[in-house]
Structures are given as C-alpha cells and as structure tokens.
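Structural description and commentary
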Amino acid sequence: MTDAAPALDLDGLLRRLHLPTVRRLYPELAHRAEGESLAYREFLAVLMAEEVAHRAQTRIQRCVHRAHFPFLKTVDEFDFTFQSGVRLSLLGSALSADFITQGQSLIFSGPSGTGKTHLAIAIAYRAIQNGFDALFTTATALIEDLSAATRAGKLRPVLPTYTHPAVLVIDEVGYLGYGPDAANVLFQVVNDRYLHQRPMIFTTNKPLAAWGRVLHDADLAEAILDRVLERGRHLELRGRSYRTRHAPLDLTPASEPPSPGPARILRKRGATRSLEPPATGRSSPTRRDAACGTRRVARG
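These numbers come from a predicted model, not from an experiment.

For the rest of this paragraph, the subject is the sheet that holds strand E3 (residues 167-173). Overall, parallel pairing links the five strands, which are arranged E2-E3-E4-E1-E5 in an open sheet. Whereas interior strands pair on both sides, the edge strands pair on one side only; in this sheet they are strand E2 (134-138) and strand E5 (232-236). On average, each strand axis in the sheet is tilted by 15° relative to the strand beside it, whichever way the strands run. Relative to strand E4 (residues 200-204), E3 is paired through four bridges, and the arrangement is parallel. Note that in E4 the partner of Val173 across the bridge is Thr204. In the packing of helix H10 (residues 182-195) onto the sheet, the strands contacted are E3 and E4, and the crossing angle to E4 comes to about 145°. The strands that helix H12 (residues 218-230) touches are strand E1 (105-109), E4 and E5; relative to E5, the one it contacts most, it runs at about 100°.

Okay, here's the thing in structure tokens:
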C-alpha cells in the first residue's frame, strides 16, 4: 500500500508566484465552485481574470501617482454643452492608443477656465488606461527645472524626465514670465520627443503667434510649433469660464452712497479680474521613479 502524496502548500505557492488576488479569492471561489459544480477550466479562468484586473488597476493607480496630475479628470466629466469650441468627435484618435503609437500631439488654446487643462489631463489619463505612462508639468516648472540643470551642467541626466514618458502634458504656456533661455530648453524637450514620435499636449492662453514673445525667441518658437503641429492639431476653446458659470453676467459694481471726497473712477462695465489660480500652486514633477509597468512603443 503506497503512502498518500503530501498535500501541496497552495498558499505558499501562490505567495512565491506573487499572485495576491488569487491567494485572497481562491478559498471562497473554491467553495462556490464545489456547490455549483464549476468546471476546473472555468474556475481557473475566473481566478486569472480577477488577478489580471487587479494588476491593471494597481498599474493605473501607480502611473496616475507618478504622472503628478494636479487633479484627475476624465473625458466623460467634460461638459461639451457648455464649451462649444470643441466636440468629442474632434478629439478623434487622441483617446485611443493610436495617439501614442502614431506620435500625435495637441495644443489647446483659449481663455482661462474654458477646460484646456481638463481635456489635457483626461487624454493623458486615457493613455494610462490604454497601457502607457504620462507626465504632467507646467511650462514654468519645466523651464525652471531645465534652466537650473543647464546652469549646473546637469541637463543631460535631467532631460529624460520630460523626454521619456509616453505622453507629456505641458500646461499653462504663457501664463507667467520665463527666463531668457526658455525657448532653448523647451526646444530640446520638444525636438527629442518629435524625433522619437512621443506625443505632447500643450495648453496656453496665448495665441500661437505670440509664443515668440512669450519664449523670448521667435525663431525657436516657430521651430517648436512646427514640430508639434506636423503630426498634431490646434484646438481653440472659446466662451466664458466654466469656473464662473454661475456668476451673473452683469458685473457692474454695486452703487455706493455719495462720498464727500473726490469722485472715484469706476471700472468699465463688464470688466473683470482673472479668476485663474496662480500657476505656482501646481506641483512640479520630481525625478521619475522606476517604470510603472507601461507599454513601450518601438520606434524606427
């Protein structure tokens, strides 16, 4: 009579294989499978599907954290009825994996509060959902970081922070003033990403024709836009600020009782101050951590 085979340490095996979701779910699912006479193949398929789904969600959370989004927004949350300057159909392949694999780019321009940053983040987040990584930065943070690296002689090791992510969002071009080398350092990022067909998304409140003045170099600004728009598109957003949509349209100051002092000059009817929060409130990216399990596109 032969001895019975030793029982397998299933929990230990799953731990060694790094299958935490299977390890957590298999006791309950095994009990259900016995009661429902679940076939072995179906039982295994359910366990593997749960493990894959959990890993995908974990990867997305990790990549979102490393993208340094100031907030998280999706395309479904964008109010296309309020913002008439852009339609969902105009975004086209920007919401698919083709946006990354074909090295496309976008520039969203328009007044403050029209949804430029919302759309830029939503597209970058969709790229993460499609298996890629992304990085968000303001133009001010990128230029200051690379300018400081240039002065310290460390530009080469710092550049990959902005050139390697599958999608790069550069927010608020033109909102603040930049140093004299702004165009030079920005061009190095744009040119490297252009050569490797890595997408870029810009938001700006300035007309594209004004980028030369903003970046202190008209020739380099033209070269930047030339590379971005060769495989990209410019979408202009118009209308009132979504942030102040509930404010009354007539912003004339309320009448005040007469004052014995000199007459005051009131603001012109309809004049308003910008309600855009200061750009410095958005955190600048830190050096990138290890890869978050993202897809890489082989380039020729």
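Okay, the packing of helix H2 (residues 20-36) against helix H3 (residues 40-67) next. With their axes 10 Å apart at the nearest point, H2 and H3 run at an angle of 150° to one another. What the angle tells us is that H2 and H3 run roughly antiparallel. Crossing geometry of H2 relative to H3 is assigned as right-handed. Taking contact as the criterion, the partners of Pro20, Thr21, Val22, Leu25, Tyr26, Leu29, Ala30 and Ala33 in H2 are, on H3, Phe43, Val46, Leu47, Met48, Glu50, Glu51 and His54. Tallied by class, residues from the contact of H2 with H3 come to eleven nonpolar, two polar and two charged.

Let's shift gears to the pattern of salt bridges. Here the structure, examined in full by the defined rule, presents two salt bridges. Close ionic contact of Glu36 with Arg32 constitutes a salt bridge, the shortest N to O distance being 3.7 Å. You can see Glu36 and its partner Arg32 sitting in helix H2, four residues apart, about one turn around the helix. For the salt bridge of Glu51 with Arg55, the shortest nitrogen-to-oxygen distance reads 3.0 Å.

Taken together, Asp219, Glu222, Asp226 and Glu230 make up a surface patch of like negative charges. Among the secondary structure elements, Glu230 is positioned in helix H12.

The next thing to look at is the pairing of E2. Most of E2 is tucked away, with five of its five residues classed as buried. What you see with E2 is no split at all: Ala134, Phe136 and Thr138 on one side and Leu135 and Thr137 on the other are buried throughout. Of the strand pairs in this sheet, E2 and E3 are connected by five bridges, and their pairing is parallel. Across the sheet, the residue bridging to Ala134 is Val167, located in E3.

Rules behind the numbers
Residues numbered from 1 in each chain as written. Predicted model: local features only at pLDDT ≥ 70, side-chain atom pairs only at ≥ 80, totals over all residues. Heavy atoms only, no water. Pairing = 2+ DSSP bridges. Helix = DSSP H or I, 4+ residues; strand = E, 2+ residues; numbered from the N terminus. Axes fitted to C-alpha atoms, helices over the stretch in contact; angles between N-to-C directions. Contact = heavy atoms within 4.5 Å. Parallel < 35°, antiparallel > 145°, perpendicular 65-115°, else oblique. Left-handed = near helix turned anticlockwise from the far one by under 90°. Nonpolar A, V, L, I, M, F, W, Y, C, P; charged D, E, K, R; others polar. Salt bridge = Lys/Arg side-chain N within 4 Å of Asp/Glu carboxyl O. Patch = residues over 30% accessible without salt bridge, like charges linked within 9 Å, V, L, I, M, F, W, Y side chains within 5 Å. Areas by Shrake-Rupley, 256 points an atom, 1.4 Å probe, with all protein chains shown as cover. Lys, Arg positive; Asp, Glu negative; His and termini not counted. Charge placed at Lys NZ, Arg CZ, Asp CG, Glu CD. Buried < 20%, exposed > 50% of the residue type's maximum accessible area, 1.4 Å probe, protein only.

Function-wise, these values are silent; they only describe arrangement.
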